[in-house]
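A structural walkthrough
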Amino acid sequence: MPKPLSGWRVLVPRPADRAGDLVAALADAGATPEVVELIGIEPPADPGALDLAVLALSRGDADWVAFTSVNAVEAILGRASALAVHPVIAAGTRVAAVGPATAAALRAAGLPVDL
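Reading guide: rules and limits
Residues numbered from 1 in each chain as written. Predicted model: local features only at pLDDT ≥ 70, side-chain atom pairs only at ≥ 80, totals over all residues. Heavy atoms only, no water. Axes fitted to C-alpha atoms, helices over the stretch in contact; angles between N-to-C directions. Helix = DSSP H or I, 4+ residues; strand = E, 2+ residues; numbered from the N terminus. Parallel < 35°, antiparallel > 145°, perpendicular 65-115°, else oblique. Contact = heavy atoms within 4.5 Å. Nonpolar A, V, L, I, M, F, W, Y, C, P; charged D, E, K, R; others polar. 1 Å grid on protein atoms, 1.4 Å probe; cavity = no way out; pocket = protein on both sides within 12 Å on 5 of 7 lines; lining within 4 Å. Points joined across faces, edges and corners; volume = space filled by probe spheres on them.

1. Topic: the packing of helix α2 (residues 48–59) against helix α3 (residues 70–82)
If you want to describe how two helices pack, look at the angle between their axes and the distance between the axes. Where α2 contacts α3, the two axes come as close as 10 Å, and the packing angle between them is 85°. One way to sum up the angle between α2 and α3 is to call them roughly perpendicular. When α2 is examined against α3, the residues L50, D51, V54 and L57 are found in contact with a partner set consisting of A75, I76, R79 and A80. Its residues assigned to classes, the contact of α2 with α3 shows six nonpolar, no polar and two charged.

Pasting the structure below:
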């Protein structure tokens, strides 16, 4: 029996370092995945606003914080580290994660995931 995606060429518009699992799954299904990085993840030219947000998050100024990607987790953790901010997220702040990879990144950093 042929694989379900046999003969298909599938564009994977993700950064190469984030495409591995999807590429493997597509290949296992018979597709030929082509990774084309359509976006670049860069820190802000002026991190001032991000620094203020990290400091506010650490102080507990927010009831909730939502992380929409692994990149967002890495950005917050990176700035917190650069600023020597601990804790990154105050104890009373609840944390939402969009998707299992984002939740896993938060947990790997020792941060709670409430939603």
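2. Concerning the layout of surface pockets
Empty space left among the atoms is revealed by rolling a probe the size of a water molecule over them. In this structure, the largest pocket spans a volume of roughly 300 Å³. Forming the boundary of the largest pocket are 14 residues, of which R14, R18, V70, N71 and A101 lie nearest the centre. Elements with a contribution of two residues or more to the lining of the largest pocket: α1 (20–28), α3 and α4 (100–108). Along its surface, the second largest pocket is lined by R18, I41, E42, P43, P44, P47, L50, N71, E74, A75, G78 and R79. Its residues assigned to classes, the lining of the second largest pocket comprises six nonpolar, two polar and four charged.

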